[in-house]
Amino acid sequence: MKNSMSRRQFILAAGALAGSAVLAGCGGSSTSSSSTSTSTDSSSSSASASDDSYTLVKDGTLTVVAELGFAPFEYMNDQTGDPEGFDVDVINAVAEKMGLQCEYLPNQKFDTLVPLIKQGGKADVSIAAITITDVREESVDFSEPYLDSNQAIVAIKGSTETEATLNDASKQVVCQGGTTGNDWITENLPNATCVPVDDVTAALTGVQTGLYNAMVVDLPVAKYMLTNSFSDLDIIEEIATGEQYGIAISKDNPNLTKAVNKALEDMKSDGTMDSIETKWFGSTI
Ligand code: ARG
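Residues numbered from 1 in each chain as written. Predicted model: local features only at pLDDT ≥ 70, side-chain atom pairs only at ≥ 80, totals over all residues. Heavy atoms only, no water.

Looking at an unreviewed UniProt entry, one finds the chain named ABC transporter substrate-binding protein, with Tractidigestivibacter scatoligenes as its source organism. Under Subcellular location (unreviewed entry), UniProt gives the following word-for-word description of the chain: "Cell envelope". Listed in UniProt under the heading Sequence similarities (unreviewed entry), the comment for the chain reads: "Belongs to the bacterial solute-binding protein 3 family." (UniProt positions renumbered as here; feature names shortened; annotations may be inferred.)

Listed below in C-alpha cells is the structure:
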C-alpha cells in the first residue's frame, strides 16, 4: 500500500492556514508575470523575458520534493495520503504568495534531495528541514533561513549513556543517512559505530528495542516524536549546533530563489509565519 501510495502525486488539499488561498491561487489568474515555462530551446532569442523571470518544471505549479518522514516538518497523513506539517504549510503559503499551486512529488530519500534539485528538471524546490551548510551550498542555492534548529541525542528512558560513553566502538549510534546528525556523529563520536538509515521512525524503533544505543536527530523532531509516539525514549542531550533550515533551489534558477525569499519576507511581516509556528510548536520560535 505504501508503494502505490507513494506513486501518487499529491496535490495539496486545503490546509488550515494556506489552503483556501492556495485554491484561489491555482484558479488561473496569471498574476505571476515572472513565471516562464521551462524551455529546451536555447537558441530562442527571447531576451524579452523580464529580469525577474524564473523557470518552473510545470507551468503555474511549484513542484516540491521532500523526504516525508520527519514530523512535525513533513509526514504523510495516513487518512488522507497527503503530506502535512510545518514545512508543508510554509511552502503552501510561499506558493500562494507567488500565485502558484503547490504539488508534491512522491517521497524521496533525504540524501537524494539536494542532488535532485541540483540536477534540475524534476522539482523546483525542496523543503525538508534542510540545514543550510557550506557543502550543500556548493550544489544548490538556499532561500533565506526560515527556522533555527539544533540536534538531540535520544536514548531509552533510564539510560545512563552520555556523549562520552557513546564514543566507543561497541556503541551503535543511529541517524538518518546524509543528515547533519550523521555529520555530527562522525565528527564528535569518532569511535562509535555510526549507523545511517533511511527512515527516522525505524531508527527510533531500533533505539526502543535495544538494537541501537542512541539516535542523533534534529531536536524539534526528537521532541515531537517522543511526545507523540515514543514515550519510552528520552532526550539525553541537546546539542547546540545552531543550524538554520532553508529551501533548496537550483543555482540555475536564481530568480526563483529571489521570489521565494520575497514570499518568505512577506510571510514574516504579515504574521503568516508566526501563525504557522504557533500551529505546530504552540508558540513562535
Ligand atoms: N536538518 C537535518 C539536515 O539537514 C535533517 C533533515 C532531515 N529532513 C527530512 N525531511 N528527513 O541534514
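Okay, back to it.
A. Just the confidence of the model for the chain, in detail. Looking at the chain, the pLDDT average stands at 87 and 82% of residues meet or exceed 70. Taken as a whole, residues 1-48 scores under 50 in pLDDT and shows 64 contacts with residues more than four places along the chain or in a different chain. (pLDDT = per-residue confidence, 0-100. Contact = heavy atoms within 4.5 Å.)

B. Representation of the site of the ligand within the structure. Taken together, 14 residues lie near the ligand, and Glu67, Ala129, Arg136, Gln176 and Asp218 sit nearest. Within the backbone of Thr180, a nitrogen or oxygen atom sits 2.8 Å from an oxygen atom of the ligand. Contact between the ligand and Asp218: a nitrogen atom at 2.6 Å from a side-chain N or O atom of the residue. The residue makeup of the shell around the ligand, split by class, is six nonpolar, four polar and four charged. (Near = heavy atom within 4 Å. Polar contact = N/O pair within 3.5 Å; in protein donor to acceptor, adjacent residues only side chain to side chain. Nonpolar A, V, L, I, M, F, W, Y, C, P; charged D, E, K, R; others polar.)

C. View of the pattern of salt bridges. One pass over the structure, following the stated rule, counts seven salt bridges. Of the charged contacts, one joins Lys251 and Asp141 as a salt bridge, the two residues approaching to 3.2 Å between their closest N and O atoms. Here the residue Lys251 occupies a position in the loop between strand E16 (248-249) and helix H10 (254-269), and Asp141 occupies one in strand E10 (residues 141-142), the gap between them amounting to 110 residues. For Asp141, a relative accessible area of 22% puts it in the partly exposed group. (Salt bridge = Lys/Arg side-chain N within 4 Å of Asp/Glu carboxyl O. Helix = DSSP H or I, 4+ residues; strand = E, 2+ residues; numbered from the N terminus. Buried < 20%, exposed > 50% of the residue type's maximum accessible area, 1.4 Å probe, protein only.)

D. How the structure looks around the packing of helix H3 (residues 86-97) against H10. Look at H3 against H10: their axes get within 9 Å of each other, and the N-to-C directions meet at 105°. Comparing their axes, H10 and H3 come out roughly perpendicular. Touching Val90, Ala93, Val94 and Lys97 of H3 are Val260, Ala263, Leu264, Asp266 and Met267, all from H10. (Axes fitted to C-alpha atoms, helices over the stretch in contact; angles between N-to-C directions. Parallel < 35°, antiparallel > 145°, perpendicular 65-115°, else oblique.)

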